[in-house]
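Chain by chain, the residues:
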Amino acid sequence: MSLEELAFIVLAAVALFTAVAALLVRELVHTILWIAVFFVDISAIYFLLEAPFLGVLQLGVYAGAVTVLLLFGVMLTRKRIFSREAVTGLDAVPLSLAVVTFIFVVTAVGQLPQSSETLSVYDPTLLSQNLFGTNGPWLLLLGLLMMGAVAGSIYLVREGRE
Amino acid sequence: MRRLEWGGWVSVAFSGAAMVVGVLIGVGEMVNPGTYTDVRYTWLHLAPAPGPFPNGFSLVVGTLVDPISALMLIVVTVVGFLVMLYSIGYMHQDRGLPRYYAELSLFLTAMSGLVLADNLLEFFVFWELVGVCSYFLIGFYYEKPSAASAAKEAFIVTRVGDIMFLLGIFLYFYNFALAGPAGSGGWAANGFLFVNGNQPYLLGHGLGGNSTLLTVAGIMILGGAAGKSAQFPLHVWLPDAMEGPTTVSALIHAATMVAAGVYLLAVASLFLGFTSTDQLAIVGIGGFTAFFAATMAVVHPDIKRVIAYSTISQLGYMVMAVGAGFAMVGLFHLFTHAFFKALLFLAAGSVIHAVGTQDLFKMGGLRKTMRLTAIAFAVGGLALAGIPPFAGFWSKDDILSAVYSQLGSHPAYWPFFLLAFAAVFLTAYYIFRAWFLAFSGDHPRDPSLGHAHEGPWTMQVPLVLLSALACGAGLLIFVPGFQSLLLSGAGATGIPPVYGTTDLLISAASVALGVSGIALAWVLWGNGRVYALPETSAAQPVRRLLLKRYYFKIGYDWIGAKGVYTIARAADFFDRFVIDGTVHGFERAFALVSNRLRRIQSGVVSDYAAYVVAGLIALFVILLIVAPYVVSRLGGG
Amino acid sequence: MIPLLSVIVATLAAGTVLTFLAGSRARWVALATTIVFLAEVAALFAAFPGWPGYNSALVPGFADGESYSWISIAWMHVNYTVGVDGISLVLILLTAVLQLATVVYSWEEQKRPAAYFGLVLLTCFGCFGVFIALDVLLFFLFWEAVLIPMFFLIGYWGGPQRRYAALKFFVYTHVASIVMLVGMLALVFYSGAASFDFSAIYASARGLSSVLQSFMFLALFFGFGVKFPIVPFHTWLPDAHVEAPTGGSVLLAGLLLKLGAYGLIRWAVELLPSGLHTMQPVLYVVAFVSIIWGSVLSLSQRDMKRLVAYSSINHMGIVLLAIALDSSLGLLAAVLLMFAHGIVSALLFMASGSVHHTFGTRDIPAVGGITPTTPTLSTLIMVGSLASLGLPALISFPAEFTALLATWNTLAYWVFVPLIILVVTAGFYLWMMQRMLFGPARGIPSTAHDVPWYEGAAMAILVAFTVLFGILPGLLVNVIMNSPIHGFPGT
Amino acid sequence: MDLSSFAGPFLPEILLLAGTLLIFLLDVLGIRRIEVTGAVAAGASALALLFVVADLGFAPLAFLANLSAGQVDVAIAPGATPLYAFTSLGLVFQGIFLTASFLVALASMSRPSNERGAPIFFGLLLLATLGMLLVTIASDLIFLLLSVEIVSISTYLLVAYTRKDVRSLEAAMKFYIIGALSTTLSFFGASLLYGAYGTTNLFAIRAVAGSVGYPVLVLLGYGFLIAGLAFKATLVPFHAWAVDVYDGAPTDVTAFLTGGSKKVGLFAIFLVFLGPVLFVAPGAGGSPFSGGTVNIGPVLQVTLAILAVLTMTVGNVLALLQKEMKRMLAYSSISQAGYMLIGIVIGTSPALTGATLQMFANVFMKTGVFLVVAGVTALGVGPLIDDWKGLGTRRPLLGVAFGLMLLSLAGVPLTLGFVSKFVLFSSAVEAQGYFVWLAVAGLLNSALSVFYYARVLKVMFFDRPEPDALPTGAVAGGSEPSLLAAGGLGYARATAIALIAVAVVAFGVYPQPVLGAISNAAQHFIHVGP
Amino acid sequence: MTALPLVGFVALSSALFAVGLFGILTRRNFILVLIAIEIAMNAAILNFVYFGAFSNGTAGLTGQAVAVVLIGFAATEVAVGLAIVLALNRVKGTINVAQANELKL
């Protein structure tokens, strides 16, 4: 077992654990903490996959911005749900649905190459060329999307005076 | 009132003209026998085409005069005119006079059309029209429920016969279509039903066809005749048809329409041919009916119904004659019977007109006030009873002799011949029982009947004329022209008519029976008094059976009203609750499913998400397992 | 060359629209339209066959063919193709006559007369279209177009249960037409016809394998059969008839039922000969069951309209039987019967409508002895009943006789079934006449009076046709025989 | 880069974007009157629509055309992986979406002129439409999904734009959660396909669709994608949100959702699945687990066929007993999606023609009915179908227009709905084989649907209104409104409704122009497009 | 660069995705649902990244490019979601998704 493999197993375990923990803890603020750890962990996986640009982006957007957003969301709605989140427990039906989905997806593993393969390593400049060149329209679309989202969201959360 | 009567006179005038023409045609046939056809209108033409009629065919309408139709035409027009005339007096108080004359005129038209029809289809058309006129006229007093009911009964019962007749037409058609062109002869020569262009190819004597089919065809024709001529077992309607005006009974239900059945049988036997089985069936029905109807007449208290039963019985004789192969003999009896039976009816009508009731037991002693009527009735009675030289004697004895002559060829004729023979006695008895009950004695048994008197001259003239005919019509048989008329009419059958050559033994016996019948009637009823049959008498059940008409009417009513309507109601139930219920069941099932399915729309978004994930898993199952299997079964697309 | 058929289409379309817009004068517009329509139909008759526009290459086998492209894409060619032959011409005459009778009968309609007359015209327009359409889509379009106005006629002007009846009618017939549509589409696409035109399908479909033909025939038969209606898909009919206003009933019985029979002849029998041949036993059974069921059920009805409605099932059963015989005589009989039933049932429905107006009920046992009060009405009822039970010299007789003869020719002794049922038919009509017309007066309101002039006139028109074609059926036969597609070469 | 050559083809999109920005600018400037913002939105849509129609080759508008023949339906060079490509079918759909947005914008101008949310409503409406237009030109999976997301995000916010209405916020919440879930599914599926094919380009995938070594991965990926896109297209069982959202959303938004955004999902399914569906491997089918070639095409056909039948049946059955007008129409809208799916299931150009025409028809019919419902609700009529009693006789023109739309939905002849169903089911029969059963299923469902449409007609025309249940709508005073008066609907909305009613009949009578264009487009799409 | 098993990544992302699904299905707090959605989204992004990493050339780059775009998209989505949460909280006083069930049947 190489070091990378070991690191991957640890990171994977942490990711799973934090994800589950975030959903199962009773205190919402703890959830935010766990999810922050989750995002950081995923970022680490990106680094492991030799995608440092993504890792940084993940840290900045997810571990940073999204977490803060969620925290604000919790705080702004907190008054009314001061009591701890009622844990609904492990409902059999949703759990089995999730597990079955997992099983189905994992069945694909059987046809994937079992042996380890060499990872391609990409220079971030190449990535940026791709992002702003060939696949530039994606970002354009993202921009449009954000424009609408921002305009609408601001309108929505603004206290109406009518 | 005057305006109404004026309309009646129009009808009388026209029917008089018709009588003149009819009699002229008859005389013409006597002078110059033969077959004459006239205008033909193509009613429906099927051009040659592939299929069952490679040459195509036409249904035509036209007129045809031959000896037998001439004979019949005389009867129809003469009796028709006399009844029309009589009706002026008889019906003068009725508000429905215009309707009466219109319907009666329509009837005469249809009847003449029937007689002059040149093919069976046209025959059938007029046959039906005659039936519907009868329906209207029986129901003339439609406010009376019994009249409306009787009209309906008559229509339905005769329709049963009509249906058989129609099937008979089809059978003959099929038979002759197989037989192909052959032979010649009056009706047949002019295209019995279907002609190809003007070239007849479906003809009489077409015995080359399937004999079973022919037998069935004959039975079907018999069925049709039985319906119109009220033969057993379709006889029930005729007595009830007496709900109509008496004049109608005289014309339609004695002289003409009911005779159309016999006429049909005669035509069929002359031009289409019956197998021996058919003949036996016809003789059987006729002979049995002759006796059977006579028994019922014996006890009946209603003067018209007695005569009606007598009509059925006499028609039985005619049918029997035709069945035995002596169509012209049957028609001869038809000829004479028309006059004396019309006479009897008109005389009875005269009585009813005078006393206002039909119940014999309320009448009595009318001969003093209604001498003419009494004489006329007696003449009619004597003719009916077969007392020489009155008309009935000649024709009835012809029939008996004719059938007697055929007994050798068909042993099974014996019982029917004997029944018919016995009926002669009953005939004489019941008609004179009626005469004695009505006319003998000192005064009406029901004092409320008041003072009876004769009708106006319009009623008396027909009585006189018909009396003369009832006396003399039988003697026509000795007139050469008339003889040749009958002979040429029978020419096609191969069996010679036996008129005028009555077997003396048979004649003597029947006259003896007739006289003894009259004698018995005189002994029992001659003094004008009525004896009640003791309740305990052994004859009581018999009397009840006869009065109840052997329960036929009740039985038919039961089948019709109870049986059929029960089925109909059951069917209605089935239709509403099972068939429509199934439809509603579908509706309800959909509603149920819809209601159940609606509950998945719980309003909780988590559930919706669960549906999405469940759907996703279902998609996986389909994509990975089900669909590949289906595709491999379908063979790759 | 005058495209007469299209001129009629235009006339009817314009007339209908104008009627809808005419407000209180709608009846006059409707009447005018009808009269023009009648005149045009007369012209059609006068020019038949050999109308100057006749173009045998255009629509083979049909007089006065017209064809214009309508939808044309790579795989679908739909044309506006119309044409008439003898069979359709007779039914067009029926349409015109019934339209006239209905408009006259409804002369004093008070409830939204413009919409009422408009819908009546629209119904007739649709029927006319069905009879001339020689393209699958055009046919289906007119076929369905009849549904809508009838739905509204029943639903708005009908009796107490009208909403239920309208819905039932609509859904029932719509389901049927959908199945029919599948059959027709299969006909087009499986045969590889060049277009949706009748003649194109005729050229290609008759050669299909008999299995395919049978399936298609079955689909078409179901589709047309519900309109017939065949048992057991008939239960919409009594409800629709009973609840419909009189005009609606007249059109329903007189025309709509004919659409099914006409469709079966034109689009199934003519195009799928071996399908018909294979399915013949099925058709026989259905026909016999319908004949028996219709008349037996008529026996148990108390409502006059319901009685006539069930007797329609019986009569249309005979039509089906005649069609199923697959002989030219049978076809002739079927068309004659359709015409006859159209006229006679219309007469009887009008009569029952008048009974309802006059006595406030159609319950047969509830009224009796009406003849002295309403002699005209009872005469008309009598004529109608007698015609319906097949009295000679009235219109049904030649038709029924031909049908029975054709049945006999093909099925031999099975002819007993319709024959015996004729007795039953006589039974219920006579029962009705006995109870209603005869006997002592019963249940007659003091306000009862004889039919108003317009109702009488409408029925008189129908009586005239009943008698005319009863005595001279040859007039119709000669026209019907002019349908070359059936091997009738004409007279 | 020659701006004009880049901008020209995108003129409609640019117009919409400009409209959006203008509206937001006006908002900032304090100009919020609905007449103004609405006019901008309607104008931008209409103008864009004109250009699209011109691009489609409509001769009288040829001078407006921006796309040359060489830019539409161009065969893609092997190995090329463009992100977008212009296809005639895409242009047809652009027309469809622009029609929806134009109609909704036009009708919405009749809402109270002081409505606060007007700028955001119209801005997001145009933005969503822009997203739709981008979907139609996508030839790359990510491009496609992102464009779909533009539509989604805009419509989440559109549903919530009233801000204070609990029902519409609840609807927005449901819409958002299920939408986000579906987005996740879509992207996860896209990632699996990317893993299997090594590309996200639809042309590239189409070229190799059947010959991939990981059939399980591919099928799983398609499964996720179907589920994700089925959310937008409201296919059963991914439809549950739709009823609540259609019900809870402001009705004009509902009109847009059902008329526009739903078709995006269906068109996306066209784009994604047409390639694989057309692909038939040389060998016979086998289990994907056993390796080797799997006939992905037929497998997807069967799967989608099941979805199609399920969708139309469940939608119809559920609509049967609905008592509320909007929910009934929502269910009917779901069932309509099933019909359209038939087109992609069959995958022939006639079938695509049929499905596209069906969507074209649906834009008018479904948008139309919801616009009417919105107007009638504004008149004070309650949400239940029974509240509509007597409307048809009280307001004949509105009743007739609504009746026409319902009849068209039910597929009654001489309406556009009939023609579309006729063409669609014809195409199923034309394809022969077991597709005929799809036609039968569809037709029977269409028969079933008649039940509830006819019921509405019955209520509107045959039932008597309860006294004073129905406001005559127009103005004070109980007098019957004049036939031609817009009444309380407002002239803009009345115009939109009238346009729709006329279109439903006009195209129903003479569909050739539209049908010819669509048929052409579909043929090209099969042979040339992604 | 050293080797890593693709299988492991697939297993991880499917497991994370399943966890996300589970959260979406069971959590009643809107914010928790948002978090669950983000977990699932991350699984998808992770898929793109490692599938890209395991393939060659520009195709591999595509995976990373998609990931970049998706990270941005996910953040936007969360923002919109939060806006809806806040609006809902304002009018309804709860962000429990199960309690917003006025629209049903």
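These numbers come from a predicted model, not from an experiment. (Residues numbered from 1 in each chain as written. Chains lettered and ligands numbered in written order. Predicted model: local features only at pLDDT ≥ 70, side-chain atom pairs only at ≥ 80, totals over all residues. Heavy atoms only, no water.)

Got a sec to walk through the layout of surface pockets? Specific residues and values, please.
Reported here for the second largest pocket is a volume of approximately 1100 Å³. Lining the second largest pocket are 32 residues, with B:Val583, B:Phe586, B:Phe590, C:Val171 and D:Phe451 positioned closest to its centre. Elements represented by at least two residues in the lining of the second largest pocket include exactly helix H22 (552-598) of chain B, helix H6 (162-191) and helix H8 (210-227) of chain C together with helix H12 (296-320) and helix H18 (435-462) of chain D. For the lining of the second largest pocket, the leading source of residues is H22(B), giving nine residues. Taken together, the residues of the lining of the second largest pocket break down into 23 nonpolar, four polar and five charged. (1 Å grid on protein atoms, 1.4 Å probe; cavity = no way out; pocket = protein on both sides within 12 Å on 5 of 7 lines; lining within 4 Å. Points joined across faces, edges and corners; volume = space filled by probe spheres on them. Helix = DSSP H or I, 4+ residues; strand = E, 2+ residues; numbered from the N terminus. Nonpolar A, V, L, I, M, F, W, Y, C, P; charged D, E, K, R; others polar.)

Describe the pattern of salt bridges, and please don't skip the residues or the numbers.
All names here are of chain C. As enumerated under the stated definition, the model contains 24 salt bridges over all chains in all. The closest approach of N and O atoms between Glu-108 and Arg-27, which form a salt bridge, is 3.7 Å. Separated by 81 residues along the polypeptide, Glu-108 in the loop between helix H3 (86-105) and helix H4 (113-132) and Arg-27 in helix H2 (residues 26-46) bring together distant segments of the chain. By relative accessible area, which is 33% here, Glu-108 ends up partly exposed. Judged by relative accessible area, which is 23%, Arg-27 ranks as partly exposed. (Salt bridge = Lys/Arg side-chain N within 4 Å of Asp/Glu carboxyl O. Buried < 20%, exposed > 50% of the residue type's maximum accessible area, 1.4 Å probe, protein only.)

Give me the lowdown on the interface of chain A and chain E, citing residues and values where you can.
Facing 80 residues of chain A, the contacting portion of chain E comprises 73 residues. Interface area for chain A against chain E, summed over the two sides, is near 6900 Å², with a carbon-plus-sulfur share of 77%. Between the two partners, chain A and chain E, sit zero salt bridges. Joining chain A to chain E, the criterion identifies five residue pairs in polar contact (both at pLDDT 80 or more). Secondary structure elements with two or more residues in the side of chain A that touches chain E: helix H1 (3-24), helix H2 (28-48), helix H3 (52-78), helix H4 (92-107), strand S1 (117-118), helix H5 (124-132) and helix H6 (136-157) of chain A. With 13 residues, the single largest contributor to the side of chain A that touches chain E is H3(A). Each residue belonging to the side of chain A that touches chain E can be placed in one class, and the counts come to 56 nonpolar, 15 polar and nine charged. (Contact = heavy atoms within 4.5 Å. Buried area = accessible area lost by both parts, 1.4 Å probe. Polar contact = N/O pair within 3.5 Å; in protein donor to acceptor, adjacent residues only side chain to side chain.)

Got a sec to walk through the nonpolar core? Specific residues and values, please.
In this structure, B:Phe377, D:Tyr222, D:Phe273 and D:Trp388 are the most contacted members of the largest nonpolar core, which totals 782 residues. Both of domain 1 (1-93) and domain 2 (125-162) of chain A provide at least three residues apiece to this core. (Core = buried A, V, L, I, M, F, W, Y, C linked by side-chain atoms within 4.5 Å. Domains from an automatic or database assignment.)

Provide a residue-level description of the packing of H4(A) against helix H23 (residues 605-634) of chain B, including the pertinent values.
Orientation of H4(A) relative to H23(B), taken along the N-to-C sense of each, is 30 degrees, at an axis distance of 10 Å. Relative to H23(B), H4(A) is oriented so that their crossing is left-handed. Contacts between H4(A) and H23(B) involve A:Leu97, A:Val100, A:Thr101 and A:Phe104 on the former and, on the latter, B:Ala610, B:Val613, B:Ala614, B:Leu616, B:Ile617, B:Phe620, B:Val621 and B:Leu624. Along the lines of polarity and charge, the residues of the contact of H4(A) with H23(B) split into 11 nonpolar, one polar and no charged. (Axes fitted to C-alpha atoms, helices over the stretch in contact; angles between N-to-C directions. Left-handed = near helix turned anticlockwise from the far one by under 90°.)

I'd love a proper account of helix H17 (residues 416-431) of chain D, names of residues and values included.
Residue and element names in this part refer to chain D. Across its 16 residues, H17 extends 23 Å between first and last C-alpha, which sits within 8% of the 22 Å expected from 1.5 Å per residue. Counting buried residues in H17 gives 14 out of 16 residues, a clear majority hidden from the surface. Of the residues one or two after H17, Gln-432 is the one with positive phi, at around 55 degrees. (Expected span 1.5 Å × (residues − 1).)

So what's going on with the interface of chain C and chain B? Residues and values would help.
Each partner contributes residues to the interface: chain C has 63 residues there, and chain B has 56 residues. At the boundary of chain C with chain B, total buried surface from both sides reaches about 5100 Å², with 76% on carbon and sulfur atoms. Considering only the surface of chain C that becomes buried against chain B, C:Phe401, C:Trp408 and C:Leu430 emerge as the three largest contributors, covering 12% of it. Linking chain C with chain B are one salt bridge. Between C:Lys168 and B:Asp580 there is a salt bridge, and its shortest N-O distance comes to 2.7 Å. In terms of residue count, the dominant contributor to the side of chain C that touches chain B is helix H16 (residues 416-437) of chain C (12 residues). Class assignment of the residues belonging to the side of chain C that touches chain B gives a composition of 43 nonpolar, 17 polar and three charged.

Describe the confidence of the model for chain A, listing the residues and the values that go with them.
Per-residue confidence for chain A gives a mean pLDDT of 83, with 86% of residues at or over 70. Taken element by element, chain A is modelled with least confidence in S1(A), mean pLDDT 64, and with most confidence in H2(A), mean pLDDT 91. (pLDDT = per-residue confidence, 0-100.)

Can you tell me about the confidence of the model for chain D, naming the residues and giving the values?
All names here are of chain D. Confidence along chain D averages 85 in pLDDT terms, with 91% of residues attaining 70 or more. Ranking the elements of chain D by mean pLDDT puts helix H1 (residues 3-7) last, at 61, and helix H6 (residues 141-159) first, at 94. Taken together, the stretch residues 469-485 has pLDDT below 50 and engages in 28 contacts with residues farther than four places along the chain or on a different chain. The ipTM assigned to the predicted complex is 0.89, against a pTM of 0.87.

Explain a nonpolar patch on the surface to me, using residue names and the numbers behind them.
Residue and element names in this part refer to chain A. Where nonpolar side chains cluster on the molecular surface, the patch consists of Val-29, Leu-33, Val-68, Leu-71, Phe-72, Met-75 and Leu-76 and spans about 630 Å² of accessible area. Elements supplying a minimum of two residues to the nonpolar patch: H2 and H3. Considering each element in turn, the nonpolar patch owes the most residues, five residues, to H3. Looking at where Leu-33 falls in the secondary structure, it is placed in helix H2. By relative accessible area, Leu-33 is classed as exposed at 54%. (Patch = residues over 30% accessible without salt bridge, like charges linked within 9 Å, V, L, I, M, F, W, Y side chains within 5 Å. Areas by Shrake-Rupley, 256 points an atom, 1.4 Å probe, with all protein chains shown as cover.)

So what's going on with the environment of B:Ile163? Which residues, and what values?
Along the polypeptide, B:Ile163 turns up in helix H5 (residues 145-179). Look past the residues within four positions of B:Ile163 in its chain and what remains in contact with it is C:Leu419, C:Ile420, C:Leu422 and C:Val423.

Lay out empty space enclosed by the protein in plain terms, naming residues and giving numbers.
Under the criterion given, the structure shown has 14 cavities of 30 Å³ or more. By volume, the largest cavity is sized at about 80 Å³. Every residue along the wall of the largest cavity is listed here: B:Phe124, B:Glu128, B:Arg159, B:Asp162, B:Ile163, B:Leu166, C:Gly390, C:Phe397, C:Glu400, C:Phe401, C:Leu404 and C:Leu422. For the lining of the largest cavity, the secondary-structure elements that each account for two or more residues are helix H4 (120-138) and H5 of chain B together with helix H15 (396-411) of chain C. Considering only residue class, the lining of the largest cavity consists of seven nonpolar, one polar and four charged.

Tell me what's going on with the packing of aromatic side chains, and back it up with residues and numbers.
Inspection of every chain in the model, using the stated rule, returns 108 aromatic pairs over all chains. Aromatic pair D:Phe231 and D:Trp241: ring centres 4.8 Å apart, planes at 45 degrees, arrangement tilted. Residue D:Phe231 is found in helix H9 (residues 215-233), and its partner D:Trp241 is found in helix H10 (residues 240-248); the two are separated by 10 residues along the sequence. Residues D:Phe231 and D:Trp241 agree in their burial class; the two are buried. By way of ring pairs, the aromatic residues D:Tyr156, D:Phe175, D:Tyr176, D:Phe231, D:Trp241, D:Tyr246, D:Phe370 and E:Phe30 are connected into one cluster. Above the plane of the ring of C:Tyr156 lies C:Lys111, whose end atom (NZ or CZ) is 4.5 Å from the centre. Seen from the ring of D:Phe121, D:Arg111 lies directly overhead, with NZ or CZ sitting 4.4 Å from the centre. (Phe/Tyr/Trp six-rings, centres within 6.5 Å; stacked < 30°, edge-to-face > 60°. Lys NZ or Arg CZ within 6 Å of the ring centre and 35° of its normal.)

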